[in-house]
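Breakdown of the fold
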Amino acid sequence: MINNNLLPNIYGIFEVKYFSRNKIRMEISKLKDNSELISDLKNNLNKIKAIKNYKVISSLGSLTVEFDNSQIDSNLMLGIILKLTDLEKEIFAKRNGRIKMNFHNLLNFSDITIYNKTKGLFDTKSLVALILAIYGIKKLKTAPSLPSGATLVWWAYNLFNK
């Protein structure tokens, strides 16, 4: 058996559960209760002569494939499975983490709230830019040391211009 830490696992798309020279078992989220994809996958797996046996468990999205390792390498078999299940687009698609999505939702909520409370005068970005600009100018006047005051003014300038 090969060390599972070295295997490609992409959260929410697929996970290799077992991997050896002639057998691979994967959980593929796209296969869960997807009878059309499973049917296409079975038809394509039947065409590959190096595959001895395979088993699909639809409710789990699990695929187990036994193959002849003298005809096909185990890493190549993994690539074939990913290609047959059309996972390339999903693997290389840009995904955002939950924290980033929640932070984005919080910013959207604060943007709406600030806009409504100021009766359309400010949104979050312009309010933060104004606060940074005022604080930066104040800091430059009291202690003209770099980079603190100048940095704040620069941040404010960039917020206004983007």
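Sequence positions are assigned chain by chain, starting from 1 and proceeding in written order. Local features in a predicted model are, by the rule used here, given only for residues with pLDDT of at least 70; side-chain atom pairs are given and counted only at 80 or more, and totals for whole chains, interfaces and linings are based on all residues. With hydrogens and water excluded, all non-hydrogen atoms of the structure serve as input to the side-chain values.

**Topic: the sheet that holds strand β4 (residues 62–67)**
One bridge is not enough; two strands pair if DSSP finds at least two bridges between them. The way it works is that DSSP assigns letters per residue, a run of H or I at least four long becomes a helix, a run of E at least two long becomes a strand, and they are numbered from the N terminus. A sheet is described by the order of its strands in space; here four strands give the open sequence β1-β2-β4-β3, paired in antiparallel fashion. Looking at strand neighbours, the two that pair on one side only are β1 (14–19) and β3 (51–57), the edges of this open sheet. Ignoring which end each strand starts from, the neighbouring axes of this sheet average 15° apart. Two elements, strand β2 (residues 23–28) and β4, share five bridges in a ladder whose sense is antiparallel. Within β4, the residue paired with Met26 across the bridge is Leu63. Residue contacts follow a heavy-atom distance rule, with two residues in contact if any of their heavy atoms lie within 4.5 Å. With axes taken as lines fitted to C-alpha atoms, and helix axes fitted only over the stretch in contact, angles between N-to-C directions fall between 0 and 180 degrees. Against the sheet, helix α1 (residues 35–47) makes contact with β3 and β4, and its axis sits at roughly 170° relative to β3, the strand it touches most. In this fold helix α2 (residues 74–84) packs onto β1, β2, β3 and β4, with an angle of close to 30° to the strand it touches most, β2.

**A closer look at helix α5 (residues 124–142)**
Three or four residues apart is the spacing at which side chains of an α-helix point the same way, because the helix has 3.6 residues per turn. Relative to the 27 Å expected for 19 residues at 1.5 Å per residue, α5 spans 27 Å between its end C-alpha atoms, a close match to the ideal helical length. Along α5, the residues that are buried comprise Thr124, Ser126, Ala129, Leu132, Ala133 and Gly136. A helix is expected to span 1.5 Å for every residue after the first. Exposure categories follow from relative accessible area, calculated using a 1.4 Å probe and restricted to protein chains: below 20% of the type maximum is buried, above 50% is exposed, and the middle band is partly exposed.

**Concerning the layout of surface pockets**
Picture a little ball the size of a water molecule; that probe, rolled over the atoms, points out where space is still empty. Definitions used throughout: a 1 Å grid over protein atoms alone; a cavity as a set of points that fits a 1.4 Å probe which cannot get out; a pocket as an open set with protein on both sides within 12 Å along at least five of seven lines; a lining residue as one with an atom within 4 Å of a point. Grid points are joined across faces, edges and corners, and a volume is the space filled by probe spheres set on the points. Quantified by volume, the largest pocket comes out at close to 150 Å³. Around the largest pocket sit Asn9, Ile10, Tyr11, Gly12, Ile13, Phe14, Glu15, Glu27, Ile28, Ser29 and Lys32, which together line it.

**Thoughts on a nonpolar patch on the surface**
Patches were defined on residues exceeding 30% relative accessible area and lacking a salt bridge, with like-charge contacts within 9 Å and nonpolar side-chain contacts (Val, Leu, Ile, Met, Phe, Trp, Tyr) within 5 Å. The method behind every accessible area is Shrake-Rupley, applied with a 1.4 Å probe, and residues are considered shielded solely by the protein chains displayed. One side-chain nitrogen of Lys or Arg within 4 Å of one carboxyl oxygen of Asp or Glu is enough to make a salt bridge. Residues Phe103, Leu106, Leu107 and Phe109 make up a contiguous nonpolar surface patch of roughly 430 Å² in combined accessible area. Residue placement: Leu106 occurs in helix α4 (residues 98–117). For Leu106, a relative accessible area of 52% gives the class exposed.

**A closer look at unusual backbone geometry**
Despite not being glycine, Asp33 shows a phi value in the positive range, around 50°. Tracing the sequence through the fold places Asp33 in the loop between β2 and α1. Note on Asp33: relative accessible area 61%, which makes it exposed. A positive phi is found at Lys119, a non-glycine position, where the angle reads about 55°.

**Some words on the pattern of salt bridges**
Applying the stated criterion to the full structure yields one salt bridge. Among the salt bridges present, the one from Glu15 reaches Lys17, with a minimum N-O distance of 3.3 Å. Since its relative accessible area comes to 35%, Glu15 is described here as partly exposed.

**A look at the nonpolar core**
To qualify as a nonpolar core, a set must consist of buried Ala, Val, Leu, Ile, Met, Phe, Trp, Tyr and Cys residues joined through side-chain atoms within 4.5 Å. In terms of nonpolar packing, the biggest core is built from 26 residues, with Phe14, Ile24, Met26, Leu63 and Met77 touching the most fellow members. When contributions to this core are tallied by element, the ones reaching two or more residues are β1, β2, α1, β3, β4 and α2. What Met77 contacts, discounting residues up to four positions off in sequence, is Ile24, Leu45, Ile51, Val65, Phe67 and Ile72.

**Observations regarding the environment of Thr124**
Mapping Thr124 onto the fold places it in helix α5. Residue Thr124 is classed as buried on the basis of its relative accessible area, which comes to 14%. Apart from residues lying up to four places away in sequence, Thr124 is in contact with Leu107, Ser110, Asp111 and Ile114.

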